[in-house]
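Here are the chains, one letter per residue:
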Amino acid sequence: VQLQACGGGLVQAGGSLRLSCVTSESIFNFMGWYRQAPGKQRALVAGITSGGSTNYADSVKGRFTISRDNAKNTVYLQMNSLKPEDTAVYFCNVRKRTLAGELREYWGQGTLVTVSS
């Protein structure tokens with residue numbers, strides 16, 4: 001499984017960005033975005049299940065929206081009202097359960113988001 005993330009960049013505080021992650025396969029049980037700021041551990045930002053249920057980190061609720069387009073094998077993260085503390089490398093993450101019941105996880109290469117004050 002290959003994942004290609006894009007959409008990062010430099011934006012001023014209060015601005016918006018949309019991240020996209022295209023996968024080489026479809027039908028994932030879970031698709032999500034994590035981020036890792038310098039000196040910090042990677043943490044979940046938002047996730048969406050195959051059924052459409054979403055969850056968000058408290059720090060981004062009301063500002064970020066995750067969505068998926070199964071026809072395009074793509075997961076998106078719309079980020080509004082960006083803050084300097086949102087600065088991080090963002091990674092897409094997908095998980096699928098095999099027919100044998102094994103849960104497999106895959107990561108994209110990361111895309112840098114920098115929010116200036």
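Small disclaimer: the values here were computed from a predicted structure and weren't measured. (Residues numbered from 1 in each chain as written. Predicted model: local features only at pLDDT ≥ 70, side-chain atom pairs only at ≥ 80, totals over all residues. Heavy atoms only, no water.)

Caption draft 1: Expanded view of the pairing of strand S11 (residues 111-116). Where burial is concerned, the two faces of S11 differ: the one with Thr111, Val113 and Val115 is buried and the one with Leu112, Thr114 and Ser116 is not. In the sheet, strand S2 (residues 9-12) pairs with S11 via four bridges, with the strands oriented parallel. If you follow Gln12 over to S11, its bridge partner there is Ser116. (Buried < 20%, exposed > 50% of the residue type's maximum accessible area, 1.4 Å probe, protein only. Helix = DSSP H or I, 4+ residues; strand = E, 2+ residues; numbered from the N terminus. Pairing = 2+ DSSP bridges.)

Caption draft 2: Just the pattern of salt bridges, in detail. Across all of its chains, the model carries six salt bridges by this definition. Glu105 is the partner of Arg95 in a salt bridge, and the nearest nitrogen-oxygen pair spans 3.2 Å. Placement of the pair is Arg95 in strand S9 (residues 88-97) and Glu105 in strand S10 (residues 103-107), with a sequence separation of 10 residues. The exposure class assigned to Glu105 is partly exposed, which follows from its relative accessible area of 41%. Connected through shared salt-bridge partners, Arg35, Arg63 and Asp86 make up one network. (Salt bridge = Lys/Arg side-chain N within 4 Å of Asp/Glu carboxyl O.)

Read these as geometric descriptors, not functional statements.
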